[in-house]
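# Understanding the architecture of this molecule
Single-letter residue listing:
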Amino acid sequence: MTESHPSLMPSRFSWTQAALVLIAGFAIMRIVALAISPVSLYQDESQYWVWSRHFDWGYYSKPPMIAWLIALSTQLVGDSDFAIRLPAPLLHTGTAIFLMLGARTLWDERAGFWAATLYLTLPAIWVSGFVISTDALLFCAWSGGLYALLRLRNDGGWWSAAGLGLALGFGFLSKYAMIYFLVSTGLAIVFDRPTREALLGLKGGLALAIFATLLAPNMAWNAANDFATVSHTAANANWGGDLFHFAEMSEFLLAQLGVFGPITLGVLITVFWLTLGRFFRVDADQRLLVLYSVPPLVVVALQAFISRAHANWAAATYVAGTLLVIGFLLRGATWRRWALFGSIGLHSALGLLVVAVAGSPALVEAMGIGDATKRIRAWDETAIAIVEAANADDYAMVVFDDRNAFHQMQRYAPELEGRMAMWLRLAGPANHAEDVWPLSEDQDGRLLIVSNRPREVARLREDFRQFEPVGELAIELDDGFTRDFSLWAAQGHQRVERDEAYEIRWRAHDQADTTTPLRGYSGEGE
């Protein structure tokens, strides 16, 4: 992988300059699109915004970095949906720069340009570039750490070691999936002599010290809060049910086509196969990149087989994976360049279509894909309707059975602040909303129950002395879909004990009831 790549433009042209112009252009385009976007925040984005209002070293289900960035952005730009999402395109800009620099370190400026171009046009990045998520933070930290490591193993100085430590620390404060970077680093120390020589010394010690210093406050917060974030991350693995799901693993692997692109994913798997087949004979740089891309994909695929996995759980694979694909497609036969150009064109066409669909309800209706946009539409209208229902009577509290609707009302119905609570389905809190805003055991007064989970209504009724219907809400969405709530007036909260007998009884009830949807309105749910 150290050989030079065929020239694709005149030698006098500055590939680095072109890359920077391209990266800046994508950043400006995405920022402008965010500024004019009619799309509501997704429920997780609203939850992150809620966290950002109170500084802490950790939160219920995620490390603190995403909340810190939102707090900084809203302080500087204003408390708007645009400001909440603004860090997303900036983080992807940083990732593209680090990948450009990494490709330059491995090969040349041309590779740097195409690495940035491929990354910015990946299918997943077209979506992630407009959504504030922990993946955007993870990509930036991972790519920064990989670039620092490449510099360090190439006789880099103390600044490279410090950069590696900072990237590891910020990565873990962003998403615990950064642990795959440590796994890969351990493998690199074993199988890559330059990495071993770079890290098993004072510079590696500096990187480790910086990493430990940055991570320590979050670990202390977890220890003081019963390791809430770590426990939630482990619970997401969901190993308590039936094991071995071929369908889940197949679905996860097929979803990677939409994350990384069909051609590029095929190339990446080919490179994996060729590298692992002659592991000790391939170029050391190629072997290193494989070590930093294979572990997340393999581990999450096994997780999907054992239980379940979301498509983005292996996203860290595609940071080093982008460099591997560029290294393969920029050398050798001419068809490889055409495969690169075709992939970038295909990804861009699909990405622009996604952006157009998100911004145009008319296009959604014409294509008949309202199911894809229902979670990001009409939350302002939903808030207005719920506030009107709450003000229709002398309700002491508005109670929700779904944390997604609860967090959206925290964002879009500030009039209800201090008047909202979460009903607890289980023995204890199962999410941040239930942990911080549970319905009090001795709550007095008349309560408005806002339910969008039909199957929970019978359980809700059992927890109150009085429980009567007072109406329904149907908020119009795209393509004929609606967001539906049933409204109930309740008094006398007397929560039934959630013991084993309770769970057995309701499991039997659910198995017998085949008419009520398990998840919420119009297929929506957590």
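Residues numbered from 1 in each chain as written. Predicted model: local features only at pLDDT ≥ 70, side-chain atom pairs only at ≥ 80, totals over all residues. Heavy atoms only, no water.

A separate point is the overall build of the chain. Counting secondary structure elements, the chain contains 25 helices and five strands. Relative to the compact-globule value of 24 Å for 526 residues, the chain shows a C-alpha radius of gyration of 25 Å, a close match. In terms of overall dimensions, the chain has a C-alpha envelope of 75 × 50 × 45 Å along the principal axes. Taken across its 526 residues, the chain has 53% of its residues classed as buried. Put simply, 74% of the contacts in the chain that link residues at least 6 apart link residues at least 24 apart. Approximately 22,900 Å² of the chain is accessible, and the part contributed by carbon and sulfur atoms is 62%. Looking at the chain, you have 39 positive and 51 negative side-chain charges, and the mean spots of the two groups are 12 Å apart. (Helix = DSSP H or I, 4+ residues; strand = E, 2+ residues; numbered from the N terminus. Rg over C-alpha atoms; globule rule 2.2 N^0.38 Å. Buried < 20%, exposed > 50% of the residue type's maximum accessible area, 1.4 Å probe, protein only. Contact = heavy atoms within 4.5 Å. Areas by Shrake-Rupley, 256 points an atom, 1.4 Å probe, with all protein chains shown as cover. Lys, Arg positive; Asp, Glu negative; His and termini not counted. Charge placed at Lys NZ, Arg CZ, Asp CG, Glu CD.)

Bringing a nonpolar patch on the surface into the picture now. A surface patch of nonpolar side chains, amounting to about 610 Å² of accessible area, comprises Ile-179, Leu-182, Val-183, Leu-187, Val-190, Phe-191 and Phe-280. Of note, Val-190 is situated in helix H10 (residues 179-191). (Patch = residues over 30% accessible without salt bridge, like charges linked within 9 Å, V, L, I, M, F, W, Y side chains within 5 Å. Salt bridge = Lys/Arg side-chain N within 4 Å of Asp/Glu carboxyl O.)

Moving on to the sheet that holds strand S3 (residues 447-451). In spatial order, the strands read S2-S1-S3-S5-S4; together these five strands make up an open sheet with mixed pairing. A strand with exactly one partner marks an edge of an open sheet, and here the two such strands are strand S2 (420-422) and strand S4 (464-476). Each strand axis lies, on average, 25° off the axis of its neighbour in the sheet, ignoring direction. Looking at chain direction, S4 and strand S5 (residues 482-493) are connected through eleven bridges and run antiparallel. Residue pairing across strands places Phe-464 opposite His-493, the latter belonging to S5. Seen against the sheet, helix H22 (residues 403-412) touches strand S1 (397-400), S2 and S5 and runs at an angle of roughly 160° to S2. (Pairing = 2+ DSSP bridges. Axes fitted to C-alpha atoms, helices over the stretch in contact; angles between N-to-C directions.)

Quick look at the nonpolar core now. In this structure, Trp-142, Leu-164, Tyr-292, Leu-323 and Ile-326 are the most contacted members of the largest nonpolar core, which totals 82 residues. With sequence-adjacent residues up to four places away left out, Tyr-292 is seen in contact with Trp-142, Leu-146, Leu-149, Phe-181, Ser-184, Thr-185, Ala-188, Ala-316 and Ala-320. Counting 46 residues, the second-largest nonpolar core is a separate cluster that includes Trp-49, Phe-400, Phe-406 and Tyr-412. (Core = buried A, V, L, I, M, F, W, Y, C linked by side-chain atoms within 4.5 Å.)

Turning our eyes to something else, we now look at the pattern of salt bridges. Between side chains of opposite charge, a pair can form when the charged atoms approach closely. As enumerated under the stated definition, the model contains 21 salt bridges in all. The salt bridge partner of Asp-81 is Arg-411, with a shortest N-O separation of 2.9 Å. Of this pair, Asp-81 sits in helix H4 (residues 81-85) while Arg-411 is found in helix H22, placing the two residues 330 residues apart along the sequence. Residue Arg-411 is classed as buried on the basis of its relative accessible area, which comes to 11%. Between Glu-468 and Arg-446 there is a salt bridge; the shortest N-O distance is 3.5 Å. In this pair, Glu-468 is assigned in strand S4 and Arg-446 in the loop between helix H23 (432-436) and S3, connecting sequence segments 22 residues apart.

Here we come to unusual backbone geometry. The phi dihedral of Asp-155 falls on the positive side, at around 65°, and the residue is not glycine. As for its placement among the helices and strands, Asp-155 is situated in the loop between helix H8 (134-152) and helix H9 (158-172). Here Asp-155 falls in the exposed class, since its relative accessible area comes to 75%. A positive phi angle is found at Ala-378, which is not glycine, with a value near 60°. Looking at where Ala-378 falls in the secondary structure, it is placed in the loop between helix H20 (361-367) and helix H21 (379-390).

Helix length check: helix H19 (residues 334-359), at 26 residues, gives a terminal C-alpha distance of 38 Å against a target of 38 Å (1.5 Å per residue), a fit within 8%. Arg-336, Arg-337, Ala-339, Leu-340, Ser-343, Ile-344, His-347, Ser-348, Gly-351 and Val-357 are the residues of H19 that are buried. Buried residues belonging to H19 abut helix H6 (109-120), helix H7 (123-128), helix H14 (246-260), helix H15 (262-277), helix H18 (317-329) and H20. (Expected span 1.5 Å × (residues − 1).)

When two helices pack together, their arrangement is given by the angle between the helix axes and by the axis-to-axis distance. Between H8 and H9, whose axes approach to 8 Å, the crossing angle comes to 160°. Our classification of the angle between H8 and H9 gives roughly antiparallel. The interaxial crossing formed by H8 with H9 has left-handed handedness. Counted together, Ala-141, Gly-144, Gly-145, Ala-148, Leu-149, Arg-151 and Leu-152 of H8 and Ser-160, Ala-161, Gly-163, Leu-164, Ala-167, Phe-170 and Gly-171 of H9 form the full contact between these two elements. Taken together, the residues that form the contact of H8 with H9 break down as eight nonpolar, five polar and one charged. (Parallel < 35°, antiparallel > 145°, perpendicular 65-115°, else oblique. Left-handed = near helix turned anticlockwise from the far one by under 90°. Nonpolar A, V, L, I, M, F, W, Y, C, P; charged D, E, K, R; others polar.)

This next bit is on the packing of aromatic side chains. Summed over the entire model, instances satisfying the criterion amount to 26 aromatic pairs. Considering the side-chain rings of Phe-246 and Phe-305, the 4.9 Å spacing of their centres and the 65° angle between planes classify their relative orientation as edge-to-face. Of this pair, Phe-246 sits in helix H14 while Phe-305 sits in helix H17 (residues 294-306), and the two are 59 residues apart along the sequence. On the basis of relative accessible area, Phe-246 is assigned to the exposed category, the value being 59%. The exposure class assigned to Phe-305 is buried, which follows from its relative accessible area of 18%. Above the plane of the ring of Trp-158 lies Lys-203, whose end atom (NZ or CZ) is 5.9 Å from the centre. The ring of Trp-49 carries the charged tip of Arg-411 above its face, separated from the ring centre by 4.7 Å. (Phe/Tyr/Trp six-rings, centres within 6.5 Å; stacked < 30°, edge-to-face > 60°. Lys NZ or Arg CZ within 6 Å of the ring centre and 35° of its normal.)

Look at H15 against H19: their axes get within 8 Å of each other, and the N-to-C directions meet at 135°. If you check the angle between H15 and H19, you find them oblique. For the pair H15 and H19, contact is made by Pro-262, Ile-263 and Thr-264 and by Ala-339, Ser-343, Leu-346 and His-347, respectively. When the residues that make up the contact of H15 with H19 are grouped by side-chain class, the tally is four nonpolar, three polar and no charged.

Quick look at the environment of Gly-321 now. Secondary-structure assignment places Gly-321 in helix H18. Take Gly-321: its relative accessible area is 0%, and that puts it in the buried class. For the pair Gly-321 and Phe-272, spaced 49 residues apart in the sequence, the C-alpha separation amounts to 9.5 Å. Beyond its immediate sequence surroundings of up to four residues, Gly-321 is in contact with Phe-260, Leu-268 and Ser-293.

Per-residue pLDDT for the chain averages 91, and the proportion of residues at 70 or more is 93%. In the model, residues 518-526 has pLDDT below 50 throughout and makes 33 contacts with residues more than four positions away in sequence or in other chains. (pLDDT = per-residue confidence, 0-100.)

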